[in-house]
Every structure is written in C-alpha cells, then in structure tokens.
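Coordinate analysis (summary)
Take a look at the letters that make up each chain.
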Amino acid sequence: MLAEDSVLLRDGLTALLTRFGHTVVAAVGDAGALLTAVADHAPDVVVTDVRMPPDFADEGLRAAVRLRAERPGLPVLVLSQYVQRSYAADLLDTGDGTGVGYLLKDRVGQVEEFVDALTEVAAGGTVVDPEVVRQLLRRRRDPLARLTPREREVLALVAEGRSNAAIARQLVVSEAAVGKHIGSILTKLDLPPAEDVHRRVLAVLAFLRE
C-alpha cells in the first residue's frame with residue numbers, strides 16, 4: 001500500500017516495487033484515501049509520505065500513527081523529505097518499535113537500500129535514518145519542538161495574555177478548537193493537571209524561555 005501525493009513519484013515507486021517482486025495493491029495521494037485503502041485491501045506493509053493534502057503538514061504521518069494503533073503489527077515505512085518530530089516519536093513508539101521505519105528521501109543512496117529497508121520493516125524489523133534519530137533527540141531537549149505550527153501560534157497568543165475567545169477571533173476558529181489546541185499543548189509540554197499549579201502559566205514560561 002503506497003501513499004504519496006506526487007504523481008510522478010507515486011508512479012515511479014509503484015514501478016520500482018513491482019520490478020522487485022512486490023504487488024502494490026493501491027497507490028493513493030492523500031491520507032484519507034490511505035486509511036480507506038488499508039481498510040479495503042489489508043496490505044502486508046504501508047509506505048507513506050508525511051506531508052499530504054489538504055494542508056501538507058503531517059497528515060500522512062498522523063494517518064500512520066492511527067493505522068498502527070488500529071491495526072497492531074501493521075508494518076509502516078515512512079518515506080519523506082521531512083522529519084516531523086511531533087509525531088515521528090509517536091510512530092516509533094507504536095508496537096514496541098517493531099515493524100516500523102522512517103527514511104529520508106534525499107538520504108536514500110541506492111534503490112536496493114530502500115527495497116532492503118522495506119523488506120526488513122515488512123518482516124517486523126525497525127529501520128530509522130540516523131538524521132531522524134538526531135532530530136528526535138533534539139526534540140527531547142526542546143519540548144516546544146513537539147508543538148505544531150498552529151499550536152505554537154496559539155501559545156504565542158496565550159503568552160500575550162489573550163483569552164480563548166480572543167484567540168478564537170484572531171485565528172478565525174471556534175473557542176472549542178482553541179481549547180483543543182491548548183489541551184494538546186499542555187500534554188506535549190508534559191504538564192498534567194495539578195491542584196497547586198497553573199499549567200497555562202507554566203506553558204507560557206516554557207515559550208518565553210525559548
């Protein structure tokens with residue numbers, strides 16, 4: 001099962017995998033189609049990009065995390081130009097880190113290297129580009145690196161003293177959406193509920209220390 005928004009790359013990977021004896025049961029261009037196709041075809045392994053329509057943010061990677069949660073043991077290989085740190089660690093944590101991989105397109109030196117990595121992931125192995133590991137270690141040193149661009153925008157407005165209603169007006173979203181973003185921010189910054197701690201203030205302090 002292949003998910004890649006670039007038509008040329010998608011067709012090229014399909015031809016490549018077929019040449020090496022694999023059967024591509026479906027090749028799609030967005031995360032929604034990926035979820036549907038996996039449900040329809042029950043593939044042995046999924047290869048997906050990170051940034052896909054509609055927002056070209058982290059849709060493919062979030063879909064991979066969801067698939068691994070819904071289908072324990074489903075091998076997934078992420079092939080991308082980007083290290084999306086906010087969800088890469090979540091993906092690698094699924095299934096005890098087995099049957100999962102994350103490769104960077106520009107750092108795959110040979111076709112055989114990619115095919116070997118796919119074979120290893122399909123067999124339950126783990127293949128992670130060293131650059132992905134380096135950036136994930138950096139993320140642990142910088143908790144704000146876990147936030148999405150929108151969450152950082154929301155936190156910046158919180159730091160300005162804006163209320164949820166004011167933030168909602170500024171970003172042209174609902175207050176419920178703002179509340180959801182703030183909840184995600186607090187979770188990613190490891191700020192669990194506590195009676196004697198104002199988590200919103202601690203989040204702002206983390207932002208100001210950056």
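Residues numbered from 1 in each chain as written. Predicted model: local features only at pLDDT ≥ 70, side-chain atom pairs only at ≥ 80, totals over all residues. Heavy atoms only, no water.

**Some words on the pattern of salt bridges**
A side chain with one charge can pair with a side chain of the opposite charge if their charged atoms come near. The final tally for this structure, using the stated rule, is 8 salt bridges. Measuring nitrogen to oxygen at the nearest pair gives 3.0 Å for the salt bridge that ties lysine 105 to glutamate 4. A residue pair is termed long-range when its members are at least 10 positions apart, and lysine 105 in the loop between strand S5 (100-104) and helix H5 (111-122) and glutamate 4 in the loop between strand S1 (2-3) and helix H1 (7-19) qualify at 101 residues. Take lysine 105 and glutamate 4: they sit in the same class, and that class is buried. Among the ionic pairs, arginine 107 bridges to aspartate 129, the shortest N-O distance being 2.8 Å. Of this pair, arginine 107 sits in the loop between S5 and H5 while aspartate 129 is found in the loop between strand S6 (126-128) and helix H6 (130-141), placing the two residues 22 residues apart along the sequence. (Salt bridge = Lys/Arg side-chain N within 4 Å of Asp/Glu carboxyl O. Helix = DSSP H or I, 4+ residues; strand = E, 2+ residues; numbered from the N terminus. Buried < 20%, exposed > 50% of the residue type's maximum accessible area, 1.4 Å probe, protein only.)

**Some words on the domain arrangement of the chain**
Each assigned domain of the chain is listed with its residue range as follows: domain 1 (2-137) and domain 2 (149-208). Just the C-alpha atoms count here: the centres of domain 1 and domain 2 sit 31 Å apart. (Domains from an automatic or database assignment.)

**A short note on the packing of H1 against H5**
Running from N to C, H1 and H5 point in directions that differ by 75 degrees, and their axes come no closer than 11 Å. Of the possible angle classes, the one that applies to H1 and H5 is roughly perpendicular. Two secondary-structure elements touch here, H1 through Leu13, Leu16, Leu17 and Arg19 and H5 through Val111, Phe114 and Leu118. Residues that form the contact of H1 with H5 fall into these classes: 6 nonpolar, no polar and 1 charged. (Axes fitted to C-alpha atoms, helices over the stretch in contact; angles between N-to-C directions. Parallel < 35°, antiparallel > 145°, perpendicular 65-115°, else oblique. Contact = heavy atoms within 4.5 Å. Nonpolar A, V, L, I, M, F, W, Y, C, P; charged D, E, K, R; others polar.)

**Some details on the pairing of strand S4 (residues 76-80)**
The buried fraction of S4 amounts to 5 of the 5 residues, a majority that puts the element mostly inside the structure. Of the two faces of S4, the one lined by Val76, Val78 and Ser80 and the one lined by Leu77 and Leu79 are each fully buried. In this fold, strand S3 (residues 46-48) hands off to helix H3 (residues 59-70), which returns the chain to S4; that crossover is right-handed. Both S4 and S5 contribute to a ladder of 5 bridges, which runs parallel. Residue pairing across strands places serine 80 opposite leucine 104, the latter belonging to S5. (Right-handed = clockwise from strand over helix to strand, strands pointing away. Pairing = 2+ DSSP bridges.)

**Points about the packing of aromatic side chains**
What the rule picks out here adds up to 0 aromatic pairs. Geometry around tyrosine 82 places arginine 51 over its ring, the cationic atom sitting 3.6 Å from the centre. (Phe/Tyr/Trp six-rings, centres within 6.5 Å; stacked < 30°, edge-to-face > 60°. Lys NZ or Arg CZ within 6 Å of the ring centre and 35° of its normal.)

**Describing the pairing of S5**
Where burial is concerned, most of S5 is hidden: 5 out of the 5 residues are buried. By the alternation rule, side chains of S5 split into Val100, Tyr102 and Leu104 and Gly101 and Leu103, which are all buried. Bridge analysis of S5 against S6 gives 3 bridges, and the strand direction is parallel. By the bridge assignment for S6, valine 100 is matched with threonine 126. Handedness of the crossover is the feature at issue here: the chain leaves S5, passes through H5, returns alongside S6, and the resulting connection is left-handed.

**What about a nonpolar patch on the surface?**
On the surface, Val201, Leu202, Leu205 and Leu208 cluster together into a nonpolar patch covering about 330 Å² of accessible area. Summarising the element assignment, leucine 202 is placed in helix H10 (residues 199-208). According to the relative accessible area criterion, leucine 202 is partly exposed, its value standing at 33%. (Patch = residues over 30% accessible without salt bridge, like charges linked within 9 Å, V, L, I, M, F, W, Y side chains within 5 Å. Areas by Shrake-Rupley, 256 points an atom, 1.4 Å probe, with all protein chains shown as cover.)

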